Structure formats: structure tokens, C-alpha cells
Amino acid sequence: TSDYKVIRQSRGVDDAVEVLAKTGKIEFNKKTKFDMVRGLPVDETRRIYDETEQYDTAIGRNLKSGDKNKIIIGSEIAKDTHFGKEVRINDKIIIN
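Computed from a prediction, not measured in an experiment: that's the story for all the values here. (Residues numbered from 1 in each chain as written. Predicted model: local features only at pLDDT ≥ 70, side-chain atom pairs only at ≥ 80, totals over all residues. Heavy atoms only, no water.)

A few words now on the confidence of the model for the chain. In this model, the chain carries an average pLDDT of 85, and 96% of its residues clear a pLDDT of 70 or more. Mean pLDDT values for the elements of the chain range from 78 in helix 3 (residues 75-78) up to 93 in strand 1 (residues 20-28). (pLDDT = per-residue confidence, 0-100. Helix = DSSP H or I, 4+ residues; strand = E, 2+ residues; numbered from the N terminus.)

Below, the structure is given as C-alpha cells:
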């Protein structure tokens with residue numbers, strides 16, 4: 001977060017968004033896969049991320065402040081044949 005603060009305070013920067021991205025262990029349907037996971041803000045800076053990314057929420061909703069144990073998954077994970085079935089809303093999926 002210190003890098004984020006420095007960037008936001010830098011001359012010429014109007015706005016910035018902090019996103020954590022790393023490879024994570026994803027478990028579903030008794031199967032495991034390693035893939036990219038991201039932590040996104042739920043405050044007003046989220047709009048910056050939404051404006052720059054090329055995705056839409058197909059089913060369900062975006063995360064909001066106060067959500068606990070909720071995730072958004074991309075269509076690649078939802079329809080991934082590695083898990084043996086599609087991941088659907090309210091399915092239990094574990095990410096570490």
C-alpha cells in the first residue's frame with residue numbers, strides 16, 4: 001500500500017486503483033487448479049478498475065463493501081473442464 005500512496009500523490013496522477021494479483025490455488029469439486037487471482041477494491045476507486053478492464057458481470061453482481069466470503073470468478077474458471085463441472089452461483093470454491 002505504500003507504493004499505492006506514493007503513486008496517488010505523484011505529480012500528474014489524477015487517480016489510481018490498488019489491485020493485488022497473484023497465482024492462487026483454486027479448489028472446487030474435489031479438484032485443484034492454480035490460476036491468477038485478483039483482489040479488487042470495493043470503495044470508490046473500484047470504478048477506475050471497471051473503466052480500464054474488458055469484462056462484464058454475466059451472472060450475479062459485483063462485490064460491495066461489507067461482503068464476506070464472496071468472490072467473482074471469470075468465465076474461464078466457471079466453465080473450466082478441469083473441475084469436471086461448471087462453477088455456479090452459491091457453489092463452494094476455495095481460493096488460497
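Structure's up, so let's keep going.
As judged from the 9 bridges shared by strand 1 and strand 2 (residues 31-39), these two strands associate in the antiparallel manner. Among the inter-strand pairings, isoleucine 26 is bridged to a residue of strand 2, identified as lysine 33. Connecting strand 1 to the antiparallel partner strand 2 that follows it, the hairpin turn spans 2 residues, and asparagine 29 within it adopts a positive phi of roughly 55°. The sheet contact formed by strand 1 and strand 3 (residues 94-95) spans 2 bridges and is antiparallel. Residue pairing for strand 3: isoleucine 26 is matched across the bridge by isoleucine 95. (Pairing = 2+ DSSP bridges.)

Taken in spatial order, the 3 strands make up an open sheet running 2-1-3, and their pairing is antiparallel. Each end of this open sheet is capped by a strand with a single partner; those strands are strand 2 and strand 3.

Using the criterion set out here, one finds 1 aromatic pair in the structure. Arranged with centres 5.8 Å apart and planes meeting at 85°, the rings of phenylalanine 28 and phenylalanine 83 form a pair that is edge-to-face. Of this pair, phenylalanine 28 sits in strand 1 while phenylalanine 83 sits in the loop between helix 3 and strand 3, placing them 55 residues apart in sequence. For the residue pair phenylalanine 28 and phenylalanine 83, the accessibility class agrees, reading buried in each case. (Phe/Tyr/Trp six-rings, centres within 6.5 Å; stacked < 30°, edge-to-face > 60°. Buried < 20%, exposed > 50% of the residue type's maximum accessible area, 1.4 Å probe, protein only.)

Turning our eyes to something else, we now look at the side chain of threonine 45. Position of threonine 45 relative to the elements: it lies in the loop between strand 2 and helix 2 (46-52). At a separation of 2.5 Å, a polar atom in the side chain of threonine 45 contacts the side chain of aspartate 43. Residues within four places of threonine 45 in sequence aside, it is in contact with Tyr4, Arg8, Ala16 and Val17. (Polar contact = N/O pair within 3.5 Å; in protein donor to acceptor, adjacent residues only side chain to side chain. Contact = heavy atoms within 4.5 Å.)

Moving on to unusual backbone geometry. Of note in this structure, asparagine 29 is not a glycine but carries a positive phi near 55°. Mapped onto the secondary structure, asparagine 29 falls in the loop between strand 1 and strand 2. Note on asparagine 29: relative accessible area 35%, which makes it partly exposed. Residue asparagine 90 is not a glycine yet carries a positive backbone phi of 75°. Secondary-structure assignment places asparagine 90 in the loop between helix 3 and strand 3. Looking at asparagine 90, the relative accessible area reads 76%, which means it is exposed.

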